[in-house]
Structure formats: structure tokens, C-alpha cells
Amino acid sequence: NMPAFGRTLQLLNGLRKSVLISDSLSPIVGRGPLPRTEVVKNLWSYIKSNQLQDGDDKRIINADRNMREAFGKDSIHMLELGKLIQPHLTKDPNA
């Protein structure tokens, strides 16, 4: 069994590993390779800078053209984002 500290380091290293980004997601989060944490950060920056959060319920994102092309939905709940970006990310063989 690995000590808790070792498991924590292993998890942090996994989060920092770069991933490749699909062509349909790259207009939103930028070209890869990027760490997954950076992909999520860039996604939220895009959502906020384009004012895509619903006025009444900030947990709902009203997709623009780029997001509809990437995710195939007009409206996205913020908790769905992780599941929706996953198919657009692949391991970087150089990482």
C-alpha cells in the first residue's frame, strides 16, 4: 500500500498531465496539449467572457455556436461539463 502522501502526489501528477484537445473543443479552450485543469479553467473563462451563464440560474450554460458544435446541446448544466469534455480529450503520447 502506498502512503497517503504518495497517493496524493500521484493524483496531482495525473491532473497536471497534458492532454490533446479535439478540433471541435479547441475554439473554446485553445489548442493543446494542456493539462485537464487548464482545459476546465479555459472553458469557464470562455463561458464567462461570452456571458453564457443563464441570468436566472447561473448553473445553466446557454451554449453558443461553438459549444453546440462541440457538445451537441443548447443548454448545459454546469455539473455536466466534466462528462461532456472527456470525449474531446486524449492522452498526449509525449507527456
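Residues numbered from 1 in each chain as written. Predicted model: local features only at pLDDT ≥ 70, side-chain atom pairs only at ≥ 80, totals over all residues. Heavy atoms only, no water.

Enquirer: Could you clarify how one ought to interpret the overall build of the chain in this entry?
Expert: Across its full length, the chain carries five helices and five strands. Ordered by position from N to C terminus, the α and β elements of the chain give α-β-α-β-α-β-α-β-α-β. In the chain, once contacts between residues fewer than 6 apart in sequence are set aside, the share between residues at least 24 apart is 34%. Roughly 6,300 Å² of accessible area belongs to the chain as shown, and the carbon and sulfur atoms make up 52% of that amount. (Helix = DSSP H or I, 4+ residues; strand = E, 2+ residues; numbered from the N terminus. Contact = heavy atoms within 4.5 Å. Areas by Shrake-Rupley, 256 points an atom, 1.4 Å probe, with all protein chains shown as cover.)

Enquirer: Even after reading the chapter, I still don't get the environment of Glu-80, so can you show me in this structure?
Expert: Among the secondary structure elements, Glu-80 is positioned in the loop between β4 (75-77) and α5 (81-85). Note: C-alpha distance between Glu-80 and Ile-60 (20 residues apart in sequence) is 9.8 Å. The residues touching Glu-80, leaving out its near neighbours within four places in the chain, are Lys-73 and Ser-75.

Enquirer: When you look at the nonpolar core in this model, what are you seeing that I'm missing?
Expert: Across soluble globular proteins, you tend to see nonpolar side chains buried next to one another. The biggest cluster of nonpolar side chains holds 21 residues, and the ones touching the most others in it are Leu-25, Ile-28, Val-39, Leu-43, Met-67 and Phe-71. Sorting the residues of this core by element identifies β1 (18-21), α2 (26-29), α3 (36-49), α4 (65-71) and α5 as the ones contributing at least two each. Residue contributions to this core peak at four residues, all from α3. When sequence neighbours within four positions are dropped, the list of residues in contact with Ile-28 reads Asn-42, Leu-43, Tyr-46, Asn-66, Met-67 and Ala-70. (Core = buried A, V, L, I, M, F, W, Y, C linked by side-chain atoms within 4.5 Å. Buried < 20%, exposed > 50% of the residue type's maximum accessible area, 1.4 Å probe, protein only.)

Enquirer: Help me understand the pattern of salt bridges, please; the structure alone is not making it clear to me.
Expert: Where charged atoms from two side chains of opposite charge approach closely, those side chains can pair. Enumeration according to the criterion identifies six salt bridges in this entry. Between Arg-31 and Asp-23 there is a salt bridge, with its nearest N and O atoms 3.5 Å apart. Between Arg-65 and Glu-69 there is a salt bridge, and its shortest N-O distance comes to 3.2 Å. With a gap of four residues between them, Arg-65 and Glu-69 both fall in helix α4, about one helical turn apart. (Salt bridge = Lys/Arg side-chain N within 4 Å of Asp/Glu carboxyl O.)

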